[in-house]
Number of protein chains: 2
Amino acid sequence: MPDFTDNLKPSKPDGPEILAKERAQSDVPIDELASHLLSRNDFLTRQERVLRVLEKEPLFNKSKQQNLSRPERYHLGLARAKKLRRLADTHGWDAEDQSMSSYLCDDVSPYMVHYAMFITTIREQGDEQQKAYWMPKIDAMDVIGCYAQTELGHGSNVKGLECEARWDPKTKEFVLHSPYISSSKWWNGTMGRTANHAIVVAQLKVPKSPGSTDYVDHGPHPFVVQIRDLKTHKPLDGIAVGDIGPKYGYAPMDNGYMLFDHFRIPHSAMLSNYSRVDPNTCTYSRPANPAVVYGSLTAVRASIIMHARLIMARAVTIGVRYTCVRRQFQDRDSKDRGAPELSVLDYPTVQIRILPILATAFALHYTGEAMQKLYEGTRAQIDKGDFSKLAVLHAQSSGLKSLCTELAANSIETCRRAMGGHGFGGGSGYIQLNNDYLSKPTVEGDNWMITQQTASYLIKRMSAAVSGKGQAEDELEAACRDWLKNGGRSSSSPLPVFDSDEAIVQAFHRRSRYSTYQAYIEREVKKRSWNSMQIQLRKISHAESQSILVTNFFEAITAEPSGISSVLRAHLATLFRLFAFYTMDAEARDFVKANAVSNADLDQLPAKIQDLMAQIRPHAVRLVDSWKVPDFLLDSALGRYDGKVYEDLFNRAHRLNPLNEITFNPYYKSDEIVMGSGSDELKKILAKL
Amino acid sequence: MPDFTDNLKPSKPDGPEILAKERAQSDVPIDELASHLLSRNDFLTRQERVLRVLEKEPLFNKSKQQNLSRPERYHLGLARAKKLRRLADTHGWDAEDQSMSSYLCDDVSPYMVHYAMFITTIREQGDEQQKAYWMPKIDAMDVIGCYAQTELGHGSNVKGLECEARWDPKTKEFVLHSPYISSSKWWNGTMGRTANHAIVVAQLKVPKSPGSTDYVDHGPHPFVVQIRDLKTHKPLDGIAVGDIGPKYGYAPMDNGYMLFDHFRIPHSAMLSNYSRVDPNTCTYSRPANPAVVYGSLTAVRASIIMHARLIMARAVTIGVRYTCVRRQFQDRDSKDRGAPELSVLDYPTVQIRILPILATAFALHYTGEAMQKLYEGTRAQIDKGDFSKLAVLHAQSSGLKSLCTELAANSIETCRRAMGGHGFGGGSGYIQLNNDYLSKPTVEGDNWMITQQTASYLIKRMSAAVSGKGQAEDELEAACRDWLKNGGRSSSSPLPVFDSDEAIVQAFHRRSRYSTYQAYIEREVKKRSWNSMQIQLRKISHAESQSILVTNFFEAITAEPSGISSVLRAHLATLFRLFAFYTMDAEARDFVKANAVSNADLDQLPAKIQDLMAQIRPHAVRLVDSWKVPDFLLDSALGRYDGKVYEDLFNRAHRLNPLNEITFNPYYKSDEIVMGSGSDELKKILAKL
């Protein structure tokens, strides 16, 4: 309905004017930087191509979806997942295209676990016969699968799972059973409403011999199980399965629960590539586990880091653009009463929240790249089971997953709070981003827990270096040996971190070696208990991960030939220093203790950081532009490329908000909620509680 | 529908058993501690009394509300607000009872701004005639009001507001007008759908004389304005008003937008207790502003801190109970393969996230108490305009608001992540808590911005102390003088913080003085620009706030006579040390620089903190029990008093989740979403996008 607001404009200077000026004042070569960052797997051209398709489909319009209830979001999510799959058929999209379509749609798909864990598990754990049977049905999606491992009572500790699969030699079936409420499968995506099959991970129990009542527990094994009728889509008898209900994020995903009541499945249900039960003799056999998973886990971890960098880029794109457009207060020291208000990004208290995140997105990029290159470069070896090149990186990948997803998750909320009130609003583009991404510090290995894996490896290599027998087993041990040979902490003098970027890298190495060495002394010499050292173990894992991030960043921007223009390289070097110094400042005492940086230099860090931020400030908009996050994905009034922040916020409120179509009766003496409707609405509300 | 899951129990040991054991092993005197913490304004008895009423009303059942859409949440919120008001009439609830009912209901009320800012403003800014006219209508809620100050383009900088009220001497009316989109009122609660009146803050523009076209701008002033028809509840002509749409939290609140198109209001609309425009001469008069607001702001800030402590208590109640019930992994160093799994709260990596929050809730309590006592004790003086006692505390309250709401907001997410997967689930009790509370670091003064007010005062007092003329103006200046007299940083030797609690307090003082002194040198001696110092200013504000928290905590537990039993006092002293050391450890270099604590002692801090946590661990459940947060408010399966965590999670999923009542068609080739419904659902979804 047209009204007097239709002709109103924002006061000047408006967003488009401000961003145009920001873009004009910087020499950041956007296209060069974009292709530097986003060429892998043709990311940029793929994004363009898939985006053009999605933008045309009304089903992918995001502008009002925040008004939907969680059950409605599942309806929508399923409709979108179907549509994406049909579009894939129509346009001949490959797997990468399909991932891209899901990334741009930005709804976690109810088919997600089918596409990922379900297929992967059948492929890796099924024998040839099983693969031949299942794969065609899976590809056609007649079979829609999920992966049921985690239970209500057990997540991280897989060995503690309670669901059991007991072999019945008489009927030659396995009996799946959930003895307790706490044995209920829980959290498993795609299972709640969508899947008709599941990989069920259960404790395999086999009688000692066909006639015995004495069962041997062989630990958790995967079984493929039909869970719903293929026609009615109702759960099969003996199975209770459903959706676990609303969560923090992931609204369109049907994370599920499932219990079995002595549910029988055939011998062929047990995925038997690696282990099997002989149906006649009850003999259990398990070949030495060829650690194929080892390599692919590294690839998964690399992709988590590559994803984390895109999340940070997205958060900071909104952050930078809006804090330029947003103006508040004149300079307190200015004598000109008519001076224009400052862009809030001109305030150091805003810069210190936004610009280190920008620098960190780059840091994550180079480490993600390094991991993927190393993985791809040694793929042939990996396939043969030779992990000598990958072993260190794999061990380190736990710590990197922990640190990088933590940095990314925190960056969204840090940006959001730096936006002031509008950060809390639905037009921020941060709500779903935050709610969904906050799962990452917990899934694929809880961030606090998995640092123990990295720490354990670090201490082992330091132990080996101290004993000093034979050749160093890997690069990490060699580095520990070098550090020890040079006298450890005692013989070195602090590094001149303000004089050379290489000194910065060395400082991070030295700090990590020293932290590891201290932990080694505690554990191996003083024999402290593992659990009592957990907090320290997390610190040494983070110290090593930070060292890796700094090293890969440095190496990427100093490599020759780099193919990077000198203009771009100068900007990247500034971002490198900001990331390194900001990280160093937060844990400054560590660097003193390791004799890596002097107290005097550390005292100068805050001023150096502020200088670096001042250098980056004029280029901030072009730097975030280079990440090429499309408006369609941002779904943010604050972060729009064109800067029409206030127009968009107002449009969402005044024209797109369904609540404004209803007139309410606000008087408390009346039961009537909607004006003129009597007490019907109240009854409807009560029925839903 | 009954099924085989009805008879299942969790595996042993189950939650009730575990919590019973936890409660049996501790000597924390729960009732003594509860009345020590919660006697002010009869909090505990009031909570009991109001709770009994709400628990009986189906409208306040929270168990399924997470499934509602945001528009439905407003419907529900309005229904609940009406019901609460009717219950207040029925039960003769006073204002405190009504606050309690709203706190327990845990929905932000669509009437909230009516009850608070609207009434307060009329009362404080209206003249006698205006109050006599408005107050009866307000009390009867025939007039439902909101407070429209913040605009789309201006929040913190009130002087920059664009909405204007131009005096028309001919018609003797003010003309309210919003010249730009960015002038739209924005965020104002209760305005979007509920209110029929508003306090509108607009730039007052008055002609120099009745015939002049030359206007004088007198800055922002409040006007009371009818905005909707009292019968139809439709906006009046010339006003565009509505709800701004979904936000991070605050789903039941109709935060609104509003614009005026040359909307005329009578002379009597301008609230005239402090300033007025003569309708005949256009003369503007404003008496010297009696700083009444000054005192009440301190009371508001004290209540924000008291609220923050309840938020932390709530977060950590869930955190402690669930991390006791949750068991995962055996002790890695244990040789007993059959050893039970450990409660996750036994792991230091979980303790370090949960227990400092428990200690911080107490720290906030004593500072909130101190502020309220000081305010009440000097009320008579305040009412006479003598703020000598309150002045320091008032200045410090900005920094405290910033630090305390930051600590509380972060504590929710820290607890949530420490819960593992279930922290992400709807049964955690953290989702709405987090979403709603995350507004607090931004509202009532943005947390980063307002630290400048405290810093400014700190530097002023240090300046005065350095110049040393006459008597010290307040306690803060006296403390600065003492510190200077004793030679500042240079003459002191580090304090023995492990030997005496008093030394801890002194260390925090010394660190705050030194930080302030450094900032004073930068600003007053070296004349650095204010903006370039912002990051440092925030740090000195936080240093002072931490010092206040530590001091008040220490004084409360050492006061004589205290009325605290020696058993309780010992527990409080442990919590005090944990809070102080944990805070100190996070900014350890500061304490070295101030010569407050030695490097050697700081190196020992992590071990001391771990010791303190081990001391608190066995008492954690009884310590959180003492905060008496009712299950009704927690709305958390994880945090239930009785420990029936898994039963409750399962019940929410299996019996209370409306999504499980629907069977879907998961096959992508079909447009059908709900099995058997054809393509109707898809059309319904599209209509909502």
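Residues numbered from 1 in each chain as written. Chains lettered and ligands numbered in written order. Predicted model: local features only at pLDDT ≥ 70, side-chain atom pairs only at ≥ 80, totals over all residues. Heavy atoms only, no water.

Once that is clear, we can look at the interface of chain A and chain B. Each partner contributes to the interface: chain A provides 159 residues, whereas chain B provides 159 residues. With both sides pooled, the region where chain A packs onto chain B buries about 13,600 Å², and carbon together with sulfur makes up 59% of that total. If you sort the residues of chain A by the area they bury against chain B, Tyr248, Phe424 and Tyr668 of chain A come out on top, with a joint share of 7%. Summed over the shared surface of chain A and chain B, the number is 12 salt bridges. One salt bridge in this structure joins aspartate 333 of chain A and arginine 523 of chain B, with 2.9 Å as the shortest N-O distance. Tallying contributions element by element places helix α4 (residues 70-91) of chain A first for the side of chain A that touches chain B, with 13 residues. Looking at side-chain class alone, the side of chain A that touches chain B contains 67 nonpolar, 51 polar and 41 charged residues. (Contact = heavy atoms within 4.5 Å. Buried area = accessible area lost by both parts, 1.4 Å probe. Salt bridge = Lys/Arg side-chain N within 4 Å of Asp/Glu carboxyl O. Helix = DSSP H or I, 4+ residues; strand = E, 2+ residues; numbered from the N terminus. Nonpolar A, V, L, I, M, F, W, Y, C, P; charged D, E, K, R; others polar.)

This part is about the sheet that holds strand β4 (residues 185-188) of chain A. The strands making up a sheet are joined through hydrogen bonds of the backbone, oriented either antiparallel or parallel. All names here are of chain A. Strand order across the open sheet formed by three strands is β4-β8-β7, with antiparallel pairing between neighbours. Of all strands in the sheet, those bounded by a partner on one side alone are β4 and β7 (239-243). The mean inter-strand angle of the sheet, taken between neighbouring strand axes irrespective of direction, is 15 degrees. Examined bridge by bridge, β4 and strand β8 (residues 256-260) share three bridges and lie antiparallel to one another. (Pairing = 2+ DSSP bridges. Axes fitted to C-alpha atoms, helices over the stretch in contact; angles between N-to-C directions.)

Looking now at the packing of aromatic side chains. This model, assessed by the stated rule, comprises 42 aromatic pairs over all chains. Measuring from centroid to centroid gives 4.7 Å for phenylalanine 664 of chain A and tyrosine 74 of chain B, while their planes differ by 75 degrees, and the two rings are edge-to-face. Remark: tyrosine 74 of chain B occurs in helix α4 (residues 70-91) and phenylalanine 664 of chain A occurs in the loop between α22 (645-654) and α23 (680-688); the pair is interchain, linking two chains. Given a relative accessible area of 1%, phenylalanine 664 of chain A falls into the buried group. Tyrosine 74 of chain B sits in the buried class, given a relative accessible area of 0%. Summarising the aromatic geometry, the rings of phenylalanine 43 of chain B and tyrosine 103 of chain B are spaced 6.1 Å apart at their centres and angled 65 degrees between planes, so their arrangement reads as edge-to-face. Of this pair, phenylalanine 43 of chain B sits in helix α3 (residues 43-55) while tyrosine 103 of chain B is found in helix α5 (residues 95-105), placing the two residues 60 residues apart along the sequence. For phenylalanine 43 of chain B, a relative accessible area of 16% translates into the label buried. Three or more aromatic residues joined by ring pairs make a cluster, and in this case those are Trp187, Tyr248 and Tyr250 of chain A together with Phe424 of chain B. Just above the ring of tyrosine 133 of chain A sits the side chain of lysine 137 of chain A; from NZ or CZ to the centre is 4.6 Å. Of note, lysine 62 of chain B hangs over the ring of phenylalanine 632 of chain B, and the distance from its end group to the ring centre comes to 4.3 Å. (Phe/Tyr/Trp six-rings, centres within 6.5 Å; stacked < 30°, edge-to-face > 60°. Buried < 20%, exposed > 50% of the residue type's maximum accessible area, 1.4 Å probe, protein only. Lys NZ or Arg CZ within 6 Å of the ring centre and 35° of its normal.)

Structurally, alanine 116 of chain B is set in helix α6 (residues 112-125). For alanine 116 of chain B, a relative accessible area of 37% corresponds to the partly exposed category.

Attention now goes to the relation of the copies chain A and chain B. The two copies are related by a screw motion: chain A maps onto chain B through a turn of 180 degrees and a shift of 0.0 Å along the axis, at an RMSD of 0.1 Å. In the structure described here, the two chain copies are related by an operation that fits a two-fold rotation axis. For chain A, the minimum C-alpha distance to the rotation axis belongs to serine 69 of chain A and amounts to 1.9 Å. Looking at the interface residues of chain A, 100% of them are also at the interface in chain B, so both copies use one shared face. (Least-squares fit on C-alpha atoms with pLDDT ≥ 70 in both.)

Okay, helix α11 (residues 390-418) of chain A next. All names here are of chain A. With 29 residues, α11 should reach 42 Å at 1.5 Å per residue; the first-to-last C-alpha distance of 40 Å fits that figure. At serine 397, α11 is deflected by roughly 35 degrees, the largest bend along its length. Among the 29 residues that make up α11, 26 are buried, leaving the element largely enclosed by the rest of the structure. (Expected span 1.5 Å × (residues − 1). Bend = angle between axes of the 7 residues up to and from the residue.)

A few words on the domain arrangement of chain A. Residues and elements named next belong to chain A. By the assigned domains, chain A splits into domain 1 (17-46 + 291-656), domain 2 (118-287) and domain 3 (657-689). For domain 1 versus domain 2, the distance between C-alpha centres works out to 39 Å. At the junction of the two partners, domain 1 supplies nine residues and domain 2 supplies six residues. Together domain 1 and domain 2 conceal approximately 610 Å² of surface at their shared face, both sides included; 54% is due to carbon and sulfur atoms. Taken together, the links from domain 1 to domain 2 amount to zero salt bridges. (Domains from an automatic or database assignment.)

Quick look at the packing of helix α9 (residues 348-377) of chain B against helix α17 (residues 566-586) of chain B now. All names here are of chain B. Contact geometry of α9 with α17 gives a least axis separation of 8 Å together with a crossing angle of 105 degrees. Regarding the angle of α9 to α17, the classification is roughly perpendicular. Packed against α9, whose contacting residues are Ile352, Leu355, Pro356, Leu358, Ala359, Thr360, Phe362, Ala363 and Tyr366, the element α17 presents Leu572, Leu575, Leu578, Phe579 and Tyr582 at the interface. Of the residues assigned to the contact of α9 with α17, the class counts are 13 nonpolar, one polar and no charged. (Parallel < 35°, antiparallel > 145°, perpendicular 65-115°, else oblique.)

Residue and element names in this part refer to chain B. With respect to topology, three strands assemble into an open sheet ordered β4-β8-β7, the strand pairing being antiparallel. A strand with exactly one partner marks an edge of an open sheet, and here the two such strands are β4 (185-188) and β7 (239-243). Neighbour-to-neighbour, the strand axes of the sheet open up by a mean angle of 15 degrees, direction not taken into account. Summarising the sheet, β7 and strand β8 (residues 256-260) pair through five bridges and their orientation is antiparallel. Across the sheet, the residue bridging to isoleucine 239 is phenylalanine 260, located in β8.

Moving on to the pairing of strand β5 (residues 197-207) of chain A. Residue and element names in this part refer to chain A. Of all 11 residues in β5, 11 are buried; the element is thus mostly enclosed. Pairing analysis gives four bridges linking strand β1 (residues 145-148) to β5, with the strands arranged parallel. The partner of tyrosine 147 across the bridge, within β5, is isoleucine 199. Note: strand β2 (residues 164-168) against β5, three bridges, orientation parallel. From the neighbouring strand, glutamate 164 faces β5, where its bridge partner is glutamine 203. Looking at chain direction, β5 and strand β6 (residues 215-226) are connected through 10 bridges and run antiparallel.

With that settled, consider the UniProt feature "domain: Acyl-coenzyme A oxidase N-terminal" (unreviewed entry) in chain A. Here, the residues flagged by UniProt with the feature "domain: Acyl-coenzyme A oxidase N-terminal" (unreviewed entry) are residues 30-144 of chain A. With 71% helix and 0% strand, residues 30-144 of chain A has its two end C-alpha atoms placed 43 Å apart. (UniProt positions renumbered as here; feature names shortened; annotations may be inferred.)

We now examine helix α19 (residues 599-616) of chain A. For α19 of chain A, with 18 residues, the first-to-last C-alpha span of 26 Å sits near the 26 Å given by 1.5 Å per residue. Of all the bends found along α19 of chain A, the most pronounced is centred on leucine 605 of chain A and spans about 40 degrees, while proline 606 of chain A, a proline, follows it within four residues. Residues of α19 of chain A that are buried include every one of Asp601, Leu602, Leu605, Ile609, Gln610, Leu612, Met613 and Ile616 of chain A, and no others. Where α19 of chain A is buried, its residues contact α9 (348-377), α17 (566-586), α18 (588-593) and α20 (620-625) of chain A together with α16 (534-558) and α18 (588-593) of chain B.

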